[in-house]
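# Chain and residue survey
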Amino acid sequence: MAAKTEVPMASVTQGRKTVWHLQKMKDEGKLISMVGTAYLDPIFTMFCEKAGIDLVRYTAPGENTKMRGDNLGWWTRQQRKMAPNICLNAVMQTHQYADAKTAVQEGSLLLADGADSVLPMGVTNDVLKAMTDNHIAVFGHVGCLSGWQTARTGGYRRVGKTADEAMAIFRQAYEYQELGMVGMTIEMTSREVSNLVAKKLRVPVIEVAAGGVADGSEMVIFDLLGFIPPEAYAKHSKGYATTMIDCIKGCAAFDAEVKNKVYPAEENGWGMNEAELDKFVNALEQKYPDVK
């Protein structure tokens, strides 16, 4: 009998976690754990669920923005199949919320496919209002925007350094809340700004690359699981596994064993019945004596 795993895992009977549960966690002073799995296989979302992570934010694979948007529906269904209980936040592509009608249509489809909320990065107030008026749960974002939207600010950098900049971030977060946003991440702000925004708002505010406790923290899975070398980590990053190093070591060990005839060993395969083997060898030599 195989030995039981020593890895701690969440109970399979815990039930589906939704944005309602995240709000309850804030109200009770419980911190929220969040992982950004990006476009990685849904098996990583399943790992997060088994570990007890509360919320996963994901995007879909694709060569460009249009393809990622087109793939988000079926990708969401795969996420939900692999992780039936975790709270899912789907990252919409910009063209999916270009106007109110499109945003309502695309957002409702994603919720129907299994997402618990959607993220329209940098959404305008009028589009957000249309989405929330139509009962679409929006778990959004303030602070530094990600992806191509960083171009107008000179790249991915710290924001809210001055009192005026910090107030502008708070005002956007507050307006988002009042327009029906159910929660948000705050990115690349100081620990003080992160904590103050979280303290002032009723909805959950989760820090990303920001420091501060806020109402919880998000880590991108590439940092969390060590998909990049430790020397390449940003200041806010922390690795809890060494996936890249372990994968390279594992592949290298396999390569060496194959080339040195260590693998496969006898225990890695099985042998044919000797009488049947003799019949097969004799027949092979008689019928195909010259085959090379």
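Our subject is the structure listed above.
Throughout what follows, the structure given in this document is the object of discussion. (Residues numbered from 1 in each chain as written. Predicted model: local features only at pLDDT ≥ 70, side-chain atom pairs only at ≥ 80, totals over all residues. Heavy atoms only, no water.)

## Details of the overall build of the protein
- The helix and strand inventory of the protein stands at ten helices and eight strands.
- Scaling as 2.2 N^0.38, a compact globule of 292 residues should have a C-alpha radius of gyration of about 19 Å, whereas the protein reaches 25 Å, well beyond that.
- With the C-alpha coordinates of the protein rotated into their principal frame, the extents come out at 85 × 40 × 40 Å.
- The 292 residues of the protein split such that 38% are buried.
- Considering only residue pairs separated by 6 or more positions, the protein has 58% of its internal contacts joining residues 24 or more positions apart.
- Carbon and sulfur atoms form 58% of the exposed surface of the protein, whose accessible area is close to 17100 Å². (Helix = DSSP H or I, 4+ residues; strand = E, 2+ residues; numbered from the N terminus. Rg over C-alpha atoms; globule rule 2.2 N^0.38 Å. Buried < 20%, exposed > 50% of the residue type's maximum accessible area, 1.4 Å probe, protein only. Contact = heavy atoms within 4.5 Å. Areas by Shrake-Rupley, 256 points an atom, 1.4 Å probe, with all protein chains shown as cover.)

## Focus on the environment of alanine 252
- Looking at where alanine 252 falls in the secondary structure, it is placed in helix α9 (residues 243-259).
- Judged by its relative accessible area of 43%, alanine 252 is partly exposed.
- In this structure the C-alpha to C-alpha distance between alanine 252 and aspartate 223, which are 29 residues apart in sequence, comes to 23 Å.

## Here we look at the pairing of strand β7 (residues 205-208)
- Judged by which residues are buried, β7 turns out to be covered on both faces: Val205 and Glu207 on one side and Ile206 and Val208 on the other are all buried.
- Sheet analysis places strand β6 (residues 183-187) next to β7, joined by four bridges and oriented parallel. By the bridge assignment, threonine 185 is partnered in β7 with isoleucine 206.
- Between β6 and its parallel partner β7, the chain crosses via helix α7 (residues 191-200), and the hand of that crossover is right-handed.
- Two elements, β7 and strand β8 (residues 216-220), share two bridges in a ladder whose sense is parallel. Bridge pairing in β8 places glutamate 207 opposite serine 217. (Pairing = 2+ DSSP bridges. Right-handed = clockwise from strand over helix to strand, strands pointing away.)

## Here we look at unusual backbone geometry
- Cis geometry marks the peptide bond from tyrosine 263 to proline 264; its omega dihedral reads 0°.
- Checked against the element boundaries, proline 264 lands in the loop between α9 and α10 (274-287).
- In this model, alanine 38 sits at a positive phi of 55°, which is unusual for a non-glycine residue.
- With respect to the element layout, alanine 38 can be found in strand β1 (residues 32-38).
- Phi at alanine 214 takes a positive value of approximately 50°, unusual for a residue other than glycine.
- With respect to the helices and strands, the residue alanine 214 is situated in the loop between β7 and β8.

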